[in-house]
Amino acid sequence: MSKFRSFEEINSWQKSRIFNKKIYLITENCNFKKDFDFVRQIRRASLSISSNIAEGFERNTDKEFIYFLYVAKASAGEVRSQLYLAFDLEYIIKEEFEMLLESITEISKLISGFIKYLSQKL
């Protein structure tokens, strides 16, 4: 198992927690708010990242943790794709898009690195 005592110590979980708040706040704007299905979907995908990191950690085996990290990484990809649509639909401005894209890309890279690290131990 990893060297962490709790999932709260994991950098990718910490950053995804912050990202979740950004998604919740940005989807409260009037452009986004009218698209209920999209708001629910991007929020659920964002929440899936931190939730899967936490759930995988609590499984207490590297093999299961790696599986859940892959699910979290896939959710990060889903959010990234949805950010492009939000920008294309003008729900978010360019600066918001770039800031969110940078954050989610960083989270995805952190998860990839963690997967690689844990996989080497198997």
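Just so we're clear, the structure is a prediction, and the values are computed from it rather than from any experiment.

**Quick notes on the overall build of the protein chain**
Piece 1. A count of helices and strands for the protein chain gives 5 helices and 0 strands.
Piece 2. N-terminal to C-terminal, the α/β element order of the protein chain is α-α-α-α-α.
Piece 3. Here the C-alpha atoms of the protein chain give a radius of gyration of 15 Å, agreeing with the 14 Å that 2.2 N^0.38 yields for 122 residues.
Piece 4. Along the three orthogonal principal directions, the C-alpha set of the protein chain runs to about 45 × 20 × 20 Å.

**Examining the packing of aromatic side chains**
Piece 1. Considering all chains together, one arrives at 11 aromatic pairs under this definition.
Piece 2. When the centroid spacing of 5.1 Å and the interplanar angle of 55° are considered together, the rings of F32 and Y91 count as tilted. One end of the pair, F32, is in helix α2 (residues 30-33); the other, Y91, is in the loop between α4 (62-88) and α5 (94-120), with 59 residues separating them in the sequence.
Piece 3. Classification of F32 as buried rests on a relative accessible area of 1%.
Piece 4. For the pair F57 and F65, a centre-to-centre distance of 5.9 Å together with 85° between the ring planes defines the contact as edge-to-face.
Piece 5. An aromatic cluster is built from F4, F57, F65, F114 and Y117, whose rings are joined through pairwise contacts.

**Some points on the nonpolar core**
Piece 1. Counting residues in each nonpolar core, the largest one holds 34 residues, and the members touching the most others are F32, I49, L83 and I104.
Piece 2. Within the residue set of this core, elements represented by two or more residues are α1 (11-26), α3 (36-58), α4 and α5.
Piece 3. Setting aside anything within four residues of it in sequence, one finds I104 in contact with F19, I49, A76, V79, R80 and L83.

**Some points on the side chain of S46**
Piece 1. Mapped onto the fold, S46 is located in helix α3.
Piece 2. On the accessibility criterion, S46 (1% relative accessible area) is buried.

**Examining the packing of α3 against α4**
Piece 1. At a minimum axis separation of 8 Å, α3 and α4 run at an interaxial angle of 160°. By the angle between their axes, α3 is roughly antiparallel relative to α4. As for how α3 packs across α4, the hand of that crossing is left-handed.
Piece 2. Within the contact of α3 with α4, the residues separate by chemical class into 16 nonpolar, 7 polar and 2 charged.

Cut-offs and rules
Residues numbered from 1 in each chain as written. Predicted model: local features only at pLDDT ≥ 70, side-chain atom pairs only at ≥ 80, totals over all residues. Heavy atoms only, no water. Helix = DSSP H or I, 4+ residues; strand = E, 2+ residues; numbered from the N terminus. Rg over C-alpha atoms; globule rule 2.2 N^0.38 Å. Phe/Tyr/Trp six-rings, centres within 6.5 Å; stacked < 30°, edge-to-face > 60°. Buried < 20%, exposed > 50% of the residue type's maximum accessible area, 1.4 Å probe, protein only. Core = buried A, V, L, I, M, F, W, Y, C linked by side-chain atoms within 4.5 Å. Contact = heavy atoms within 4.5 Å. Axes fitted to C-alpha atoms, helices over the stretch in contact; angles between N-to-C directions. Parallel < 35°, antiparallel > 145°, perpendicular 65-115°, else oblique. Left-handed = near helix turned anticlockwise from the far one by under 90°. Nonpolar A, V, L, I, M, F, W, Y, C, P; charged D, E, K, R; others polar.

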